[in-house]
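# Fold and geometry: a report
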Amino acid sequence: EEAMEAIAHNFEGTRPLLKAMAVEGLPLPRLYRALGEITLNRRLVELLRRMEPDPTSLSASDEIIEVIQDAQLMGLKLETHEGAAILGRILHRHLRDLADAFHLETVTRLNDFLSFVGRMPLTLELTEAQNFLFALMRDRFPALAARAAQEPEAQNLAKQLVALMETVHFSPGRYLKLLA
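About the thresholds
- Residues numbered from 1 in each chain as written.
- Predicted model: local features only at pLDDT ≥ 70, side-chain atom pairs only at ≥ 80, totals over all residues.
- Heavy atoms only, no water.
- Helix = DSSP H or I, 4+ residues; strand = E, 2+ residues; numbered from the N terminus.
- Rg over C-alpha atoms; globule rule 2.2 N^0.38 Å.
- Buried < 20%, exposed > 50% of the residue type's maximum accessible area, 1.4 Å probe, protein only.
- Areas by Shrake-Rupley, 256 points an atom, 1.4 Å probe, with all protein chains shown as cover.
- Lys, Arg positive; Asp, Glu negative; His and termini not counted.
- Charge placed at Lys NZ, Arg CZ, Asp CG, Glu CD.
- Axes fitted to C-alpha atoms, helices over the stretch in contact; angles between N-to-C directions.
- Parallel < 35°, antiparallel > 145°, perpendicular 65-115°, else oblique.
- Contact = heavy atoms within 4.5 Å.
- Nonpolar A, V, L, I, M, F, W, Y, C, P; charged D, E, K, R; others polar.

## Concerning the overall build of the chain
Regarding its fold elements, the chain presents 8 helices and 0 strands. Beginning at the N terminus, the succession of helices and strands in the chain can be written as α-α-α-α-α-α-α-α. Relative to its length of 180 residues, the chain is extended, with a C-alpha radius of gyration of 20 Å against a globular reference of 16 Å. Residues counted as buried form 42% of the 180 residues belonging to the chain. Put simply, the chain shows about 10100 Å² of open surface, and 53% of that area lies on carbon and sulfur atoms. On the chain, the mean spot of the 20 positive side-chain charges and the mean spot of the 25 negative ones are 5 Å from each other.

## Digging into the packing of helix α4 (residues 81–100) against helix α6 (residues 127–148)
Viewed as axis vectors pointing N to C, α4 and α6 meet at an angle of 5°, and their least axial separation amounts to 10 Å. Considered as vectors, α4 and α6 are oriented roughly parallel to each other. Of the residues in α6, those in contact with L91, H92, L95, R96, L98 and A99 of α4 are E128, A129, F132, L133, L136 and R140. Split by residue class, the contact of α4 with α6 holds 8 nonpolar, 1 polar and 3 charged.

In structure tokens:
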């Protein structure tokens, strides 16, 4: 822990200079690149841990975007398996919420989360989400599609679900046919 604090302290002390160097297109010294990657990856994981209990926390998400922007500016790599695992757990919670409350606001929250995740340089494993969503849509989408012709709310929910399927790279073709 002390070593990590020392690394973070050294990086934070030179961060303004390093950002100025990056803006000018100057290469960062190898030592400070390493310090920056360690520090920013650690900070990203801390923020994701803070976000996990409350995935709609805007303060954590704003700070996460700031970390990502700093890493991009300085050409630092963010590669954290722990961060991707946290995002996977949050995604799974959103999917369970959708199964419990098959409503537009739940789909909107899930789509917002996936949009946010799409701005991160972390790889989110989607196979489990695709399988969960496939089973959920198989069970619930036909009844929703039947209501969609008469109910604008059902039509809107169906469209948002199709967008969700596309976001997680799950082909909505068969569900679009139900809406036609």
